Amino acid sequence: MNDRPDIRHSPTATPATALQSPRRKGRDRAPRRSALDLAESWAVIGIFAILTTGGIYLAAAVLMPVTLAVVVGLILGAAADRLGRLGIPPMLAGLILATVVVTTLFLGANALVRPLGHFAEEAPRLIESAVERVLPYVERIEWLHISEASLRGGPVSAEALLQNTGAILTTIAAGVTPALLQGLIFFVALALFLGSRHSLRRGLIIAFRDRRRRLSAIRVLNAIETSLGSYFAAATLLYALVGVAMTVIAFFGGLQMPLLWGLLAFISSYVPFLGITVTTFSVAVGGLVTHDSVLVGLAPAMVFFLVHGLVENLLTPAVMGRRLEINPFVVFVAIVFWTWMWGAVGAVLALPLSLIGMAILDELFPEQNVHPKLPG
């Protein structure tokens, strides 16, 4: 028998692997990335973002109506489901809802043709009257260097506007054909999206392999549909009240075509910040042109601004709750960006796209209620 102790199991023994383990750990560590590596990574991300932005801008003729159709389809998803429960096939339900949306837009635009035509006929007189009313107050601001001669003989004078009417109408006519094509794309995309919404949703969920990611995709899709549906259902009701209030204000304020002012207030309210600014400024100009007194002329604009402020700051949070609140700075940047990309349609889509992004972030990165210990 061998009486030598077994050093392999001795507690005082130091295996070679134990001596080498720190060195191995050091060799197995990933090398630390230098500042140049980080700069290279961010440069790749920046180039990708620039190329993506350029692609979205260049493909606006197709992406804009398709994106609008998807957003409207998500909002009308509940209505499509109700038609489905009545036994209507999905494609037929999508065609019905798309027809209703496009017909409503067409009738609304057709209703505005006559008032806008009357406004175009009265535009030279209104501009001339506005110049006479505003000029004495503007001339007092010396650093603007605005005088009666510059307004009456410059590019914004009534004579210049009348001379350029042909060019303006030509530009508008040139944009009619692309607008009709985009309207057709919107109609077809909306009908097909509503008709195949469930199959698209199912395919997107199945595209993820593991169960956890599929559940996360389901939560994200449900959050997007819920947030868009809840927001626009409440917003339509609130902004309809704003439109009715504007109609009453315009009627008692002596403004012409009060229904047109109410419709302008209703539509512009869907664009935060920019809509209220444009409407208030337009009402102020209309009041100054209509009334001789400056205070009386500005009264409708001030009342509308007050009513809109009460709705936005009191009724809107009470109806929609805190879960649909978005940082105002984020909304403002989104409006500026999408208006620059896609014009007026981009301004309308800025808030829905922000809601979609917020719903995705809330589901993928849920808030953790962390209460840090403050000193003192």
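Bear in mind the structure is a predicted one, so any value in this text is a computation, not a measurement. (Residues numbered from 1 in each chain as written. Predicted model: local features only at pLDDT ≥ 70, side-chain atom pairs only at ≥ 80, totals over all residues. Heavy atoms only, no water.)

A. Quick look at the overall build of the protein. Helix and strand content of the protein: 15 helices and 0 strands. Split into buried and exposed, the 376 residues of the protein put 28% on the buried side. Residue pairs at least 24 apart in sequence account for 69% of intrachain contacts in the protein once pairs closer than 6 positions are excluded. Carbon and sulfur atoms form 70% of the exposed surface of the protein, whose accessible area is close to 25400 Å². (Helix = DSSP H or I, 4+ residues; strand = E, 2+ residues; numbered from the N terminus. Buried < 20%, exposed > 50% of the residue type's maximum accessible area, 1.4 Å probe, protein only. Contact = heavy atoms within 4.5 Å. Areas by Shrake-Rupley, 256 points an atom, 1.4 Å probe, with all protein chains shown as cover.)

B. Broad picture of the environment of I96. Looking at the secondary structure, you find I96 in helix α5 (residues 90-138). Its relative accessible area of 35% is what places I96 among the partly exposed residues.

C. Inspection of the packing of helix α11 (residues 211-252) against helix α12 (residues 258-268) at higher detail. One can describe the packing of α11 onto α12 by two numbers: an axis separation of 7 Å at closest approach and a directional angle of 150°. Of the possible angle classes, the one that applies to α11 and α12 is roughly antiparallel. Our pair here, α11 against α12, has a crossing hand that is right-handed. Each of T236, Y239, A240, V242, G243, M246, T247, A250 and F251 in α11 lies in contact with α12, whose residues at this interface are P258, L259, W261, G262, A265 and F266. (Axes fitted to C-alpha atoms, helices over the stretch in contact; angles between N-to-C directions. Parallel < 35°, antiparallel > 145°, perpendicular 65-115°, else oblique. Left-handed = near helix turned anticlockwise from the far one by under 90°.)

D. A look at the packing of aromatic side chains. This model, assessed by the stated rule, comprises 10 aromatic pairs. On the numbers, 5.1 Å between centres and 50° between planes, the contact of W338 with W342 is tilted. In this pair, W338 and W342 are both assigned in helix α15 (residues 328-364), 4 residues apart and thus about one turn of the helix distant. Residues W338 and W342 agree in their burial class; the two are buried. Here the aromatic residues Y57, F337, W338, W340 and W342 are joined through ring pairs into a cluster of three or more. (Phe/Tyr/Trp six-rings, centres within 6.5 Å; stacked < 30°, edge-to-face > 60°.)

E. The arrangement of helix α3 (residues 60-75) in detail. The first and last C-alpha atoms of α3 sit 22 Å apart over 16 residues, in line with the 22 Å expected at 1.5 Å per residue. By the burial criterion, the buried members of α3 are A60, M64, P65, A69, V71, V72, G73 and L74. (Expected span 1.5 Å × (residues − 1).)

F. Local environment of the side chain of S227. By the secondary structure assignment, S227 is in helix α11. A distance of 3.0 Å separates a polar side-chain atom of S227 from the backbone oxygen of I224. (Polar contact = N/O pair within 3.5 Å; in protein donor to acceptor, adjacent residues only side chain to side chain.)

G. View of the pattern of salt bridges. Applying the stated rule across the entire model yields 4 salt bridges. Linking R197 and D81 is a salt bridge whose minimum nitrogen-to-oxygen distance equals 2.5 Å. You can see R197 sitting in helix α10 (residues 197-206) and its partner D81 sitting in helix α4 (residues 77-85), a full 116 residues away along the chain. Overall, R197 belongs to the buried group, its relative accessible area being 6%. Here R213 makes a salt bridge to D210, at a shortest N to O gap of 3.5 Å. In this structure R213 comes out as partly exposed when scored by relative accessible area, which is 47%. (Salt bridge = Lys/Arg side-chain N within 4 Å of Asp/Glu carboxyl O.)

H. Region of the structure containing unusual backbone geometry. Despite not being glycine, M257 has its phi angle at roughly 50°, a positive value. A positive phi angle, close to 65°, is found at F273, a residue other than glycine. Checked against the element boundaries, F273 lands in the loop between α12 and α13 (274-290). Under the relative-accessibility criterion, F273 is labelled partly exposed at 38%.

I. Representation of the nonpolar core. Counting residues in hydrophobic clusters, the biggest one holds 43 residues, and the most contacted among them are I224, L228, Y231, M246, F304 and W342. Residue assignment for this core shows that the elements contributing at least two residues are α3, α11, α12, α13, α14 (294-320) and α15. The leading source of residues in this core is α15, at 14 residues. F304 has contacts with V242, M246, I249, A265, I276, T279 and T280, leaving out every residue within four places of it along the chain. (Core = buried A, V, L, I, M, F, W, Y, C linked by side-chain atoms within 4.5 Å.)

J. Representation of a nonpolar patch on the surface in the model. Together, F273, F329, V330, F332, V333 and V336 make up a nonpolar patch on the protein surface, roughly 570 Å² of accessible area in all. Among the secondary structure elements, V330 is positioned in helix α15. Assessed through its relative accessible area of 43%, V330 is described here as partly exposed. (Patch = residues over 30% accessible without salt bridge, like charges linked within 9 Å, V, L, I, M, F, W, Y side chains within 5 Å.)

K. A look at α4. Burial in α4 covers these residues: G77, A80 and L83. All buried residues of α4 fall inside an arc of 120° around its axis, so they share one side. Structural note: α4 exposes R82 and R85 on the side pointing more than 90 degrees away from its buried face. Phi turns positive one or two residues past the end of α4, at G87, with a value near 95°. (Arc of directions from axis to C-beta.)

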